[in-house]
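Observations on the three-dimensional arrangement
As a plain string of letters, each chain reads:
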Amino acid sequence: MYKINMMSKADMVKGHGVLSAHDEQVALVKEELKDLFQVEENGKAPSEITHYHSINPGFYLSLPFRKRQGSTVGYVHFLPETVDNSIRLPRLARKIFYKYMLSFYKKMDYLVTVNPYFIDVLETYGIARDKVTYIPNFVSDEDFYPLTMDRQKMIRKEYGIEEDKFTVLCVGQLQKRKGVMEFVDIARKMPDMQFVWAGGFSFGKITDGYEEIRQMMKHLPANVKFLGMVDREKMNDIYNMANVMFLPSFEELFPMTILESMNCGIPILVRDLDIYKPILFDYVLKGESREEFQILLRRLQNEPDFYMEASHKAFEGHEFYSREHVGKMWRDFYIGILKEQGNSLVRYNTARSIYEVVTKNGN
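Each chain has its residues counted from 1, running along the sequence as written. The model is predicted, so local features are restricted to residues of pLDDT at least 70 and side-chain atom pairs to those at 80 or more, both for listing and for counting; the totals for chains, interfaces and linings are taken over all residues. By convention in this description, side-chain values take in all heavy atoms of the structure and omit both hydrogens and water.

1. Thoughts on the environment of L33
Which entries qualify depends on this criterion: Put simply, DSSP H or I for four residues or longer makes a helix, DSSP E for two residues or longer makes a strand, and each gets a number counted from the N terminus. When checking whether two residues touch, look at their non-hydrogen atoms; a contact exists if any pair is within 4.5 Å.
Secondary-structure assignment places L33 in the loop between α1 (17-32) and β2 (37-41). When the C-alpha positions of L33 and W197 are compared, they lie 36 Å apart, and in sequence the two are 164 residues distant. Apart from residues lying up to four places away in sequence, L33 is in contact with L28, G327, W330, R331 and Y334.

Here's what the structure looks like:
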């Protein structure tokens, strides 16, 4: 039995996608790869693979020790350009942090990115392409799934939303890059719809646009509700009370909120960004302007066939990013690392097939 040590301090900040991605990935590997790997979290014992989910300084200092034990894997959850529009840092602090971040990535034996788009970006920072593997995020259908109509009505009543009002949901941190200003502006122009935002200021006052967003929230239209931070255990209810998930973000990697919405089978509307092209295909609706978003939301509200088609497409995305599909990608990735290490022979059985991993020289 081989060991994977999952290293993370993502729970230091609540209400962000890195924590959700960590929890889902660790649970997936523990279940799907339990025939070959023993998974520990923030363990101290030696392990063949140490997988870093966050880039804390203590982890950086542990790298020489971990590399003597086995191989190191870094999860690329963010890059300088995605941090730039998330939090406000003094110029010198930002420069030091970005240099540190890239140094952390470069010291890894392997990197995993949740979006193939960022393989090219990492290469511009001097990281070899063959060091980076694309493996998408995953969301368990045991945690996110469609609820009955009766249950949906009860949830709406709980949150003070009219039973028959077309409800538009966004889930994410309150940051300018998430499109929160556009979300509220569109709501003003569509007063017959209910707009709900679940999420808060995960990084407090250093959040980009903090004061501007706070001032805007003091003068919201009557059809807008901000729920603040919502425990992940309650988020399935939140998705199910909505008619559509609308994510007007200007920058993303691979939002967990999209996967969670797919699991619930509700239509998804996003901004037409290049980063979405290799991961979302036609599973979602896309718009480029506030006017296009309004047109698509109105069509979802008034055209039942259009709505059902968008709903089915979203659920097809859920099936594509299934436990089996993503689990196999992680299995192949970790076994590839064992092979590179030169482990003499690894044999294991799954329900579908038998794999063999031998040393490079065939011994």
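2. A word on the side chain of T167
Where we set the bar: Distance and chemistry together define a polar contact, namely a pair of N or O atoms within 3.5 Å, with one atom able to donate a hydrogen and the other to accept it when in protein, and with adjacent residues in sequence counting only for side-chain atoms on both sides.
One can find T167 in strand β7 (residues 167-171). A distance of 3.2 Å separates the side chain of T167 from the side chain of R156, its partner in a polar contact. Contact partners of T167, with chain neighbours within four places excluded, come to R156, I161, Q194, V196, M241, A242, N243 and V244.

3. Structural notes on empty space enclosed by the protein
The condition is simple: The definitions used throughout rest on a 1 Å grid laid over the protein atoms alone, on which a cavity is an enclosed set of points accommodating a 1.4 Å probe that cannot get out and a pocket is an open set flanked by protein within 12 Å on both sides along at least five of seven lines; lining residues are those having an atom within 4 Å of a point. Grid points are joined across faces, edges and corners, and a volume is the space filled by probe spheres set on the points.
By the definition in use, this model includes 2 cavities of 30 Å³ or more. Empty space within the largest cavity amounts to approximately 40 Å³. Lining of the largest cavity is provided by A21, E24, Q25, L28, Y75, P136, N137, F138, V326 and W330. Every element with two or more residues in the lining of the largest cavity is listed here: α1 and α14 (323-341). No other element matches the 4 residues that α1 contributes to the lining of the largest cavity. Taken as a whole, the second largest cavity spans an internal volume of roughly 30 Å³. For the second largest cavity, the full set of lining residues is V139, L259, M262, N263, G317, H318 and Y321. Contributing elements (two or more residues each) for the lining of the second largest cavity: α10 (256-264) and α13 (304-320).

4. Brief notes about a negative patch on the surface
Short version of the rule: Patch membership needs two things, relative accessible area over 30% and no salt bridge, and members are linked within 9 Å if like-charged or within 5 Å if nonpolar (Val, Leu, Ile, Met, Phe, Trp, Tyr). To be clear on the numbers: accessible area is Shrake-Rupley with a 1.4 Å probe, and residue cover counts the displayed protein chains and nothing else. Any Lys or Arg side-chain nitrogen found within 4 Å of a carboxyl oxygen on Asp or Glu counts as a salt bridge. The charged-residue count follows a simple rule in which Lys and Arg add positive charge and Asp and Glu add negative charge, with His and chain termini not counted at all. Throughout, a charge is located at the NZ atom of Lys, the CZ atom of Arg, the CG atom of Asp or the CD atom of Glu. Only protein chains enter the accessibility calculation, which uses a 1.4 Å probe. A residue is then buried if its area is under 20% of the maximum for its type, exposed if over 50%, and partly exposed in between.
A surface patch of like charges, here negative, comprises D141, E142, D143, D231, E233 and E324. When you line up the elements, E142 lands in the loop between β6 (132-134) and α6 (149-158). Look at E142 and you get exposed, because its relative accessible area is 62%.

5. Notes on unusual backbone geometry
A positive phi angle, close to 55°, is found at N42, a residue other than glycine. With respect to the helices and strands, the residue N42 is situated in the loop between β2 and β3 (49-52). One non-glycine residue, F281, lies in the positive phi region at around 45°. Along the chain, the position of F281 falls in the loop between α11 (277-280) and β12 (285-287).

6. Overview of the nonpolar core
The following threshold applies: We call a set of buried Ala, Val, Leu, Ile, Met, Phe, Trp, Tyr and Cys residues a nonpolar core when their side-chain atoms join them within 4.5 Å.
Counting residues in each nonpolar core, the largest one holds 111 residues, and the members touching the most others are Y105, F195, W330 and Y334. Among the elements that line this core, the one with the most residues is α14, at 7 residues. Not counting residues up to four positions away in its chain, the partners in contact with W330 are Q25, L28, V29, L33, H51, Y75, V112 and I135.

7. Some points on the pairing of strand β8 (residues 194-198)
What counts is decided by this rule: Clockwise travel from the first strand over the helix to the second, with the strands pointing away from the viewer, marks a crossover as right-handed. Two strands pair if DSSP finds at least two bridges between them.
Most of β8 is tucked away: 5 of the 5 residues are buried. Of the two faces of β8, the one lined by Q194, V196 and A198 and the one lined by F195 and W197 are each fully buried. Of the crossover connections in this fold, the one passing from β7 over helix α7 (residues 180-189) to the parallel β8 is right-handed. Across 4 bridges, β8 lies against strand β9 (residues 224-228) in parallel orientation. Looking at β9, one finds that F195 is bridged to V224.

8. Re the sheet that holds β7
This is how the line gets drawn: Where helices are involved, their axes are fitted lines through C-alpha atoms of the stretch in contact, as for all axes, and angles between N-to-C directions lie from 0 to 180°.
With parallel pairing, the 6 strands of this open sheet are ordered in space as β9-β8-β7-β10-β11-β12. With one partner strand each, in any of the chains shown, β9 and β12 form the two edges of the open sheet. The mean angle between the axes of side-by-side strands here comes to 25°, regardless of whether they run parallel or antiparallel. With 3 bridges joining them, strand β10 (residues 244-247) and strand β11 (residues 268-271) adopt parallel strand pairing.

9. Considerations on the packing of helix α2 (residues 57-69) against helix α4 (residues 91-107)
Selection criterion: Each angle gets one of four labels, with under 35 degrees taken as roughly parallel, over 145 as roughly antiparallel, 65 to 115 as roughly perpendicular, and the rest as oblique. It is the rotation of the near helix from the far one that decides the hand of a crossing: anticlockwise by less than a right angle makes it left-handed, clockwise makes it right-handed. Gly falls in the polar group here, along with every residue not listed as nonpolar (Ala, Val, Leu, Ile, Met, Phe, Trp, Tyr, Cys, Pro) or charged (Asp, Glu, Lys, Arg).
The N-to-C vectors of α2 and α4 enclose an angle of 20°; their axes lie 11 Å apart at closest approach. On the basis of the axis angle, α2 is roughly parallel to α4. Between α2 and α4 the crossing geometry is left-handed. Between α2 and α4, the residues in contact are P57, F59, Y60, L63 and K67 and Y100, S103, F104 and K107, respectively. Here the residues of the contact of α2 with α4 sort into 6 nonpolar, 1 polar and 2 charged.

10. Comments concerning the packing of α7 against helix α12 (residues 290-302)
Where α7 contacts α12, the axes come no closer than 10 Å and their chain directions differ by 55°. Judged on the interaxial angle alone, α12 and α7 are oblique. Considering how the two elements wind past one another, α7 and α12 form a crossing that is right-handed. Residue-level inspection shows E182, D185, I186 and K189 of α7 in contact with α12, the latter providing R290, F293, Q294 and L297. In terms of residue class, the contact of α7 with α12 is made up of 3 nonpolar, 1 polar and 4 charged.

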